[in-house]
Amino acid sequence: MSTPRDRDGFDDDEAGRAWQEPAHLGGDRPADDQPSPDEPRDEPNFADRRKQPRDSDHTAEGATWQPPGWDLPAATPDRGRQSGVDPSWAPPGPPPTTAPERPRGLFGGRARPQDPEMTRAFTYEGDPLGAQGWALQHGWTVSDGSGPEDAVLQELLAGSPVRPGKEARPASVLRGRAGAVELVAFDVVEPLGKRWVATHAITAAPMLGVVPVLRLSPARLWKHRTGGMMPLLSGNEAFDGRWQLLVAEDGPQVRRLAQDPAVQGLLLGTDDGDEFWTGAGHLAAVRPDGHRPLLIEHHARLLTAIVGALAAGH
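In this report, the structure presented in the accompanying data block is examined. The residue count restarts for each chain, going from 1 along the sequence in the order it is written. pLDDT decides what is reported in this predicted model: residues at 70 or higher carry local features, side-chain atom pairs at 80 or more are listed and counted, and totals for whole chains, interfaces and linings draw on all residues regardless. Note that water and hydrogens are dropped before the side-chain values are worked out from all heavy atoms of the structure.

1. A few points about unusual backbone geometry
Stated precisely, the cut-off is as follows: Exposure is judged per residue with a 1.4 Å probe applied to protein chains only, and the accessible area is read against the type maximum: over 50% gives exposed, under 20% gives buried, and values in between give partly exposed. Runs of E in the DSSP output that reach at least two residues are strands. Runs of H or I that reach at least four are helices, and both are numbered from the N terminus.
You will see that Ser-172, though not glycine, has its phi angle at about 50°, which is positive. Judged by relative accessible area, which is 16%, Ser-172 ranks as buried. A positive phi angle is found at Ala-280, which is not glycine, with a value near 55°. Its location among the elements puts Ala-280 in the loop between β8 (275-279) and β9 (282-287).

Put into structure tokens, the structure is as follows:
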């Protein structure tokens, strides 16, 4: 334990002499042999070094010292040749930018191969005028869905398997003939903010006589509004594995439809993206898309085959 009387090396010694710098800093002269202020010193002490910069910090001419290469070269016309740099050299431009690759599949994995023709046929083009232009070229009529003849379309839409919203309505209605079958094609539009967007495309064929209540849907889809309906198998395992026919009542008309080879072949050749049902005196097909020429032709082929199977016994 130290006391105020302990010496730490900085107090006066027993003889009363004051502390002096160590020999390696201020020299080894004793305290009573210090040089006078006018006497030149052989070695500068620590205080002298702090007051005056080192000799190496100044050049012989008195200019401030700088590291080599600190000053810029003189701006002379032949500077490039003197420095060995090609005057025509220019810094490289920015690297080319490429769009990031979009992930494929449900979680960004590799998507399974698709038929390019099927992809082209069922890609939404968002061009209702394209469908209307196709309709006018084929002699079809075009309306906005608000005429008296369009009232039945609202009833047909109300019984569809897609469960439309309360404000859904038919729009861009096209009417014409495909072969021997009369068809009506329209978009189901619903409000989205301040505009109307197409959510589904429906194509329907009016039926004569008694129209059986039925639903023909891909087996993978969830079924809505099927109360009181029963499945009817076709006997073709490949077809029954992908498609399901639901009927309100069994009979020869719906059995012909279930076993018709032309209908089975056409449906097995699709992407299982359409649903069929009967209502308001029509047989209709629906797909979650907007109408375009290729989709109208696709629905026309399928509806013609189904109508033919249902009417075969008449």
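2. Concerning the packing of helix α9 (residues 261-268) against helix α10 (residues 293-310)
Spelled out, the test is: Where helices are involved, their axes are fitted lines through C-alpha atoms of the stretch in contact, as for all axes, and angles between N-to-C directions lie from 0 to 180°. By the definition adopted for this analysis, an angle is roughly parallel if under 35 degrees, roughly antiparallel if over 145, roughly perpendicular if from 65 to 115, and oblique otherwise. Rotating anticlockwise by less than a right angle from the far helix to the near helix defines a left-handed crossing, while the corresponding clockwise rotation defines a right-handed one. Note on definitions: a residue-residue contact is assigned when non-hydrogen atoms from the two residues lie within 4.5 Å. When residues are sorted by character, Ala, Val, Leu, Ile, Met, Phe, Trp, Tyr, Cys and Pro go into the nonpolar class, Asp, Glu, Lys and Arg into the charged class, and all the rest, Gly among them, into the polar class.
At a closest axis distance of 9 Å, the pairing of α9 and α10 adopts a crossing angle of 155°. As the angle between them shows, α9 and α10 are arranged roughly antiparallel. Handedness of the crossing formed by α9 with α10: left-handed. Only Arg-301, Leu-302, Ala-305, Ile-306 and Ala-309 of α10 make contact with α9, whose side of the interface consists of Val-263, Leu-266 and Leu-267. For the contact of α9 with α10, the class distribution of residues is 7 nonpolar, no polar and 1 charged.

3. Examining the sheet that holds β9
Put simply, the test is: When DSSP finds at least two bridges between two strands, those strands are taken to pair.
Pairing is antiparallel across the open sheet formed by 9 strands, whose spatial order is β1-β2-β3-β4-β9-β8-β5-β7-β6. Each edge of the open sheet is held by one strand with a lone partner, namely β1 (141-143) and β6 (230-232). Strand-to-strand twist in this sheet, taken as the mean axis angle between neighbours without regard to direction, amounts to 25°. As defined by bridge partners, β8 adjoins β9 across 5 bridges and the pair is classed as antiparallel. Across the sheet, the residue bridging to Gly-279 is His-282, located in β9. Docked against the sheet, helix α8 (residues 252-259) engages β5 (214-218), β6 and β7 (243-247), running at close to 175° with respect to β7.

4. What to know about the packing of aromatic side chains
Two numbers describe a pair of aromatic rings. These are the distance of the centres and the angle of the planes. To keep things clear, this is the line we draw: Any Phe, Tyr or Trp ring, taking Trp's six-membered ring, that has another such ring centre within 6.5 Å forms a pair; planes under 30 degrees apart are called stacked, those over 60 apart edge-to-face, and the others tilted. Only Lys NZ and Arg CZ are tested; either one counts as a charge over a ring when it is within 6 Å of the ring centre and within 35 degrees of the ring normal.
Inspection of every chain in the model, using the stated rule, returns 2 aromatic pairs. Measuring from ring centre to ring centre gives 5.2 Å for Trp-134 and Trp-140, while their planes differ by 70°; the resulting arrangement is edge-to-face. Taking the relative accessible area as the measure of exposure, Trp-140 reaches 5% and is therefore buried. A centroid spacing of 6.3 Å and a plane angle of 45° characterise the contact between Trp-243 and Phe-276, whose relative ring orientation is tilted. Here Trp-243 is found in strand β7, whereas its partner Phe-276 is found in strand β8, with 33 residues between them in sequence. Taking relative accessible area as the criterion, Trp-243 reaches 2% and is therefore assigned buried. Across from the ring centre of Trp-196, 4.6 Å away, lies the NZ or CZ of Arg-169, which sits over that ring.

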